[in-house]
Amino acid sequence: MKIEKRFLVNNIIIWFIAVVSIITLADIYGDLLWFRSMGYASVFWTVFASKVILGIVFAALFILIAGINICLARRLGPPKDAWEFSYRAEGLGDIRIVPIRPERVNRYLILTCATLAVFMGLWPAILKWDEFLRFLRQTPFMMKDPVFNKDIGFFVFSYPVHIFLQRWSFLTLILTSLTVLFIYIKDRAVSLKKGAYIFTRRAKVHMSVLAGFILLLIAWNNRLGSLALVYSQRGVVFGAGYTDMNAQLIAYWIIISIALACALIFWINSPAKGWKWPITGLAALVVLFILVSSICPWAVQKFIVEPNELSKEMPYILNNIKYTRLGYDLDHIEERDFTASTDLTFADIQKNSLTMRNVKLWDKKPLSQTYSQLQEIRLYYNFAGVDEDRYTIDGEKTQVMLSVRELDQGNLPVKARTFENLYFKYTHGYGLCMSPVNSMTEKGLPNLVIKDIPPVSQTGIEVIRPEVYYGEKTEGFVIVNSKSLEFDYPKGDINVYTLYEGKGGVPIDSLLKRIAFSIKFFEPRLLFTGYITPKSRILFYRQIRDRVKALAPFLTYDNDPYAVVSDSGRIFWILDGYATTDKYPYSERYSMNQDDVTPGQALFTGKRRWEKAINYIRNSVKAIIDAYTGETTFYIVDPSDPIILTYNRIFPQLFKPFPEMPEDLRAHIRYPRDLFEIQAKMYRAYHMKDAQVFYNKEDFWDLPMQKKLTGSTRSLMNGYYMSIRLPEQEQEEFLLMAPFTPDKKSNMIAWLCAQCDGPNYGRLLLYKLPKEKLIYGPRQVDARIDQQTKIARELTLWGQQGSDVVRGDLLVIPVEESILYIEPVYLMAADKSNLPELKRVIVAYEERVEMGKTLSIALEKVFGIENAAASYISNESSQDKSTDGEDTIADLARRVTNYYQAAQETIGKGDWIEYGRCQELLRDAIQELSTALELEE
């Protein structure tokens, strides 16, 4: 019976190892084929070889260390008898003893050593390969830290490896020592019975030697701890402070000295009898550790530093300011004065007509709802997000919003989620929507310049290759060029089908590949289906964030990839990659939110986002992904960054220089919002360069709060893209902007912008407003809009008529040397499918707040212009500009009559489509007339 159980257990273990090995090999082989199809086989082999070498080296090193000590323990002990293990039998009171023969003991020890070696090898192979490659190919920062006078590259590239080596060695010696002690106890060379701790001479020498080496590692750990003072959080700022340098550093050196002395005592005392001196040394080490590492630094901090904190900490505050500004690239921000004049005229508005024509009146959330209602067309299509960009339309740079129409298989009816539909039929999305940021139809809907399926363009921007095989929603794998034609797009009551013409994906032209992919994706039906042909290709890693992370997992990626239409009519995705570290000395750390949570992380943490601590960041890379072929290219846009230069030395075939990016794609790069918001938040405090001002937080800034789209709650006003002409420039430019207010106050104090166009890309400018006069901030302008009686009454009446009034994001628009505020207002009928319509635009300047049907009308009201020709915003609306927000009741009644007569005429013609349009216009006119009558009362 025992033999059968042992045989069963052995079989289970063997089968488990075999299954895990087959799954791992299939996954590795599938990835190799994918990397090879992408042209990045060298990247795969570099990573794979580093993992294998690290795993083998550290596993072999563990076997060498543990094996030698285990062999010595078995040889140095007394004559070997069988090991005895006792246990209490179930249901019986007697204790049974099970003997294990010496030869079987050796087998168990070898198995234990090998098992531990596997885990000790997997640790660096899986988790630390990146750190070792960076260590071996590191690029110096050419800047030294202020405490230890070491190059910053030591802390970024070398220090993490030193930390790992110390921890790995310490764990190895602890496991080895425990195993050796266990052997000596079972071989009766050591007795740890109460009142009698007996060691044979050889066992004592062996254990003393191991204890000495453990103490050496403790000394090494304290040396690394002294270097880690550049990350200390004890003082008023991040990094080493007065207590760290004048107490804690000394404490570390004392502990290092005592630990080394204890190691020598253990070695010297090893042949002698008793443990008096080693135990005395360990006791001294523990006491001194508590005294000099905890109590003394606490006393220095409490009685020397805190009573004189500013004077003691001033040089360390200056270090923190300097290195935080360097870590987040804040030292390159150019500060300028902005007068915030109060003499802006209507002529200035006309002079900045391109700025006015590119004011973003459509917020992402309402526009996304509108796109979904008007252009998703089928239930399985989905607009993952709305992006902002600029294109040349009719010879003029125009800021637009666009969104790619992706195919979300999760929206297919449950019964339609068949094997054929999921993997062969519904393979790709189709086309996109595009609309100018301030253009609307006569019904207040976005004016779509690219729409429908197939894409119809009203501009010179043509989408020649609209199929989207790679995107934000394209999860899972699909197989193209199979016997089952792919669904391309719907056309009336029928569907159009197609075959894939690209070279993306991996050919499935052999039985081995079919077996590998059926195992890799846990889909055995791939092995037996008849749809696959020798020309079939499997596309996977189709979600663009998964794709770039599979190729370059060592980079941190932006949360907002955006789509671009090239001059050739192809759709590309651009995703910003960051070189980051949390090991930059003295630089304040920031928790960076990331969306790429793995299913395992989501399962165990319950979070869909995770936080990554950083204190150095550079937008060093831009990844370009072809939405049709999946071709992925990484371009280095910041060649001054030592981290990306190090990775370029490791993976020379992965990166290309920025000038090699195609010109039509380079015209659409933009400063990444995630990086900008991090820099803006850090700059709130780190614009202060004076240590005393910084310490007292005398000039701390904040990002303003604004009302949310609905309700009375407020949200942080984040950065937004816009096209404006900066004060010192002659033409408008696409840039990213964020305003600042003083801490706990609402007036505006400064605004920061990042330029996105041409040679000025990446340039950061801060415009400081004069402190001697009041410049309204966003929160104050929101309050003034609420207090404007006429606006409040009209919005309230709309809300009472069964519609939801949604106020959009408040925009701060610098014009000349003045500040203009613009806020769109949307209306959503409660009985509709949440289709927002842009109904009004609010403009605020100085003491004047006005609302109009269009931006032109609102501006004219603010600047006191009557019946002005609104040619300076010619593309804002296709509706009749002669009808402003001040229509008389007679005018509104006349419009109702006209629409009614037009509707009756269409009945006679039998044009029911035009009749429906007239009815909608009639309904809106009646609603406006009703509102006007109530206001009149």
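These lines cover the structure that appears in this document, whether it is placed above or below.

Scanning the protein for helices and strands turns up 26 helices and 38 strands. Across the protein, contacts joining residues at least 24 apart in sequence account for 67% of those joining residues at least 6 apart. Summing over all exposed atoms, the protein offers an accessible surface of approximately 42,900 Å²; the carbon and sulfur share of this is 58%.

What follows concerns the pairing of strand β16 (residues 494-498). Alignment of strand β15 (residues 486-491) against β16, held across five bridges, turns out to be antiparallel. Residue Lys 491 lies in a different strand from β16, and its bridge partner there is Ile 494. Here β15 folds back onto β16, and the loop between the two strands holds two residues, one of which, Gly 492, carries a positive phi near 65°.

With that settled, the discussion passes to the packing of helix α6 (residues 201-227) against helix α7 (residues 242-269). Packed helices, taken two at a time, are described by their axes: the angle between them and the distance between them. Two numbers describe how α6 lies on α7: the axes approach to 8 Å, and their chain directions differ by 170°. Relative to α7, α6 is oriented roughly antiparallel. When grouped by side-chain class, the residues that make up the contact of α6 with α7 number 17 nonpolar, six polar and two charged.

For the rest of this paragraph, the subject is the packing of aromatic side chains. Centre-to-centre distance and the angle between the planes together describe a pair of aromatic rings. Applying the stated criterion across every chain yields a total of 59 aromatic pairs. With a centroid separation of 6.1 Å and an interplanar angle of 55°, the aromatic rings of Tyr 159 and Tyr 231 are classed as tilted. Here the residue Tyr 159 occupies a position in helix α5 (residues 152-186), and Tyr 231 occupies one in the loop between α6 and α7, the gap between them amounting to 72 residues. The buried category is assigned to Tyr 231, whose relative accessible area is 9%. With centroids separated by 6.5 Å and ring planes inclined at 55°, the aromatic side chains of Phe 346 and Phe 863 adopt a geometry described as tilted. Within this pair, whereas Phe 346 is found in helix α10 (residues 346-351), its partner Phe 863 is found in the loop between α24 (855-862) and α25 (889-909), the two being separated by 517 residues in sequence. Judged on exposure class, the residue Phe 346 and its partner Phe 863 are both buried. The cationic tip of Lys 276 hangs over the ring face of Trp 277; the distance from NZ or CZ to the ring centre is 5.4 Å.

Quick look at empty space enclosed by the protein now. If you walk through the whole model with that rule in mind, you get two cavities of 30 Å³ or more. Space inside the second largest cavity adds up to approximately 50 Å³. Every residue lining the second largest cavity is listed: Phe 62, Ala 66, Ile 70, Leu 109, Thr 112, Cys 113, Leu 116, Leu 175, Thr 176 and Thr 179. Every element with two or more residues in the lining of the second largest cavity is listed here: α2 (41-76), α3 (102-127) and α5.

With that out of the way, let us pick up the environment of Ala 347. Note on placement: Ala 347 falls in helix α10. For Ala 347, a relative accessible area of 48% translates into the label partly exposed. In this structure, the C-alpha to C-alpha distance between Ala 347 and Phe 863, residues 516 residues apart in sequence, is 9.7 Å.

Next up on the list: the pairing of strand β38 (residues 848-852). Sheet topology places strand β37 (residues 837-845) next to β38; five bridges connect them, and they run antiparallel. Bridge pairing links Tyr 845 to Arg 848 in β38. Between β37 and β38, which pair antiparallel in sequence order, lie two residues; one of them, Glu 846, sits at a positive phi of approximately 55°.

Another aspect to go through is the pattern of salt bridges. According to the stated counting rule, one finds 35 salt bridges in the structure shown. Measuring nitrogen to oxygen at the nearest pair gives 3.0 Å for the salt bridge that ties Glu 501 to Arg 465. With Glu 501 in the loop between β16 and β17 (506-507) and Arg 465 in the loop between β12 (456-457) and β13 (467-468), this residue pair connects regions lying 36 residues apart in the sequence. For the salt bridge of Arg 807 with Asp 786, the shortest nitrogen-to-oxygen distance reads 2.5 Å. Taken together, the residues span a long stretch of sequence, with Arg 807 in strand β34 (residues 803-807) and Asp 786 in helix α22 (residues 778-787) at a distance of 21 residues. Overall, the relative accessible area of 11% leaves Arg 807 in the buried class. Salt bridges sharing partners connect three or more residues here, namely Lys 364, Glu 388, Asp 560, Arg 670 and Arg 673.

Taken in spatial order, the three strands make up an open sheet running β14-β18-β17, and their pairing is antiparallel. At either margin of the open sheet sits one strand with a lone partner, and together these are β14 (478-480) and β17. Bridge count between β17 and strand β18 (residues 537-539): two bridges; the pairing is antiparallel. The partner of Pro 507 across the bridge, within β18, is Arg 537.

What follows covers a nonpolar patch on the surface. On the surface, a nonpolar cluster with roughly 460 Å² of combined accessible area is contributed by Val 9, Ile 13, Phe 16, Ile 17 and Val 20. With respect to the helices and strands, Ile 13 occurs in helix α1 (residues 2-38).

Time to look at the environment of Ile 650. Considering the arrangement of structural elements, one finds Ile 650 in helix α18 (residues 642-650). Once you skip the residues sitting within four places of it in the chain, Ile 650 turns out to touch Thr 46, Leu 133, Arg 134 and Arg 137.

Position of Asp 546 among the secondary structure elements: in helix α16 (residues 544-551). Residues Asp 546 and Glu 475, 71 residues apart in the sequence, show an inter-C-alpha distance of 9.0 Å.

This part is about the packing of α5 against α6. Between α5 and α6, the shortest axis-to-axis distance is 10 Å and the interhelical angle comes to 160°. As the angle between them shows, α5 and α6 are arranged roughly antiparallel. Here α5 and α6 pass one another in a crossing that is left-handed. For the contact of α5 with α6, the residue count by class is 21 nonpolar, six polar and one charged.

Before going further, it helps to examine the state of the cysteines. Taken as a whole, this structure holds zero disulfides when the rule is applied. Not part of a disulfide, Cys 753 finds its nearest cysteine sulfur in Cys 756, a span of 9.1 Å. What makes Cys 753 buried here is its relative accessible area of 0%.

Before going further, it helps to spend a moment on the side chain of Asn 69. Assignment of secondary structure puts Asn 69 in helix α2. Here His 206 takes part through its side chain, which lies 2.7 Å from a polar atom of the side chain of Asn 69.

With 135 residues, the main nonpolar core has Tyr 391, Met 434, Phe 554, Phe 634, Phe 651, Leu 654 and Phe 655 as its most contacted residues. Not counting chain neighbours up to four residues away, the residues in contact with Leu 654 comprise Tyr 40, Val 43, Leu 551, Ala 552, Phe 554 and Phe 634. Counting residues in each nonpolar core, the second largest holds 64 residues, with Met 401, Tyr 720, Val 825 and Val 843 among its members.

Before going further, it helps to examine α24. Counting buried residues along α24, seven of its eight residues qualify, which places the element largely inside the surrounding structure. Every buried residue belonging to α24 is among Leu 855, Ser 856, Ile 857, Ala 858, Leu 859, Glu 860 and Val 862, and all of these are buried. Tucked inside the fold, the buried residues of α24 contact α10, α11 (353-357), β36 (818-829), β37 and β38. Once α24 ends, the next one or two residues include Gly 864, with phi positive near 70°.

Right, let's talk about unusual backbone geometry for a bit. In this model, Ile 453 is joined to Pro 454 through a cis peptide bond whose omega is -10°. Its location among the elements puts Pro 454 in the loop between β11 (450-451) and β12. The backbone phi angle of Met 142 is positive, close to 60°, even though this residue is not glycine. If you trace the backbone, Met 142 turns up in the loop between α4 (129-136) and α5. The class for Met 142 is exposed, based on a relative accessible area of 70%. With phi around 55°, Asn 481 is a residue other than glycine that occupies positive phi space. Relative to the assigned elements, Asn 481 resides in the loop between β14 and β15.

Parameters at a glance
- Residues numbered from 1 in each chain as written.
- Predicted model: local features only at pLDDT ≥ 70, side-chain atom pairs only at ≥ 80, totals over all residues.
- Heavy atoms only, no water.
- Helix = DSSP H or I, 4+ residues; strand = E, 2+ residues; numbered from the N terminus.
- Contact = heavy atoms within 4.5 Å.
- Areas by Shrake-Rupley, 256 points an atom, 1.4 Å probe, with all protein chains shown as cover.
- Pairing = 2+ DSSP bridges.
- Axes fitted to C-alpha atoms, helices over the stretch in contact; angles between N-to-C directions.
- Parallel < 35°, antiparallel > 145°, perpendicular 65-115°, else oblique.
- Nonpolar A, V, L, I, M, F, W, Y, C, P; charged D, E, K, R; others polar.
- Phe/Tyr/Trp six-rings, centres within 6.5 Å; stacked < 30°, edge-to-face > 60°.
- Buried < 20%, exposed > 50% of the residue type's maximum accessible area, 1.4 Å probe, protein only.
- Lys NZ or Arg CZ within 6 Å of the ring centre and 35° of its normal.
- 1 Å grid on protein atoms, 1.4 Å probe; cavity = no way out; pocket = protein on both sides within 12 Å on 5 of 7 lines; lining within 4 Å.
- Points joined across faces, edges and corners; volume = space filled by probe spheres on them.
- Salt bridge = Lys/Arg side-chain N within 4 Å of Asp/Glu carboxyl O.
- Patch = residues over 30% accessible without salt bridge, like charges linked within 9 Å, V, L, I, M, F, W, Y side chains within 5 Å.
- Left-handed = near helix turned anticlockwise from the far one by under 90°.
- Disulfide = S-S within 2.5 Å.
- Polar contact = N/O pair within 3.5 Å; in protein donor to acceptor, adjacent residues only side chain to side chain.
- Core = buried A, V, L, I, M, F, W, Y, C linked by side-chain atoms within 4.5 Å.

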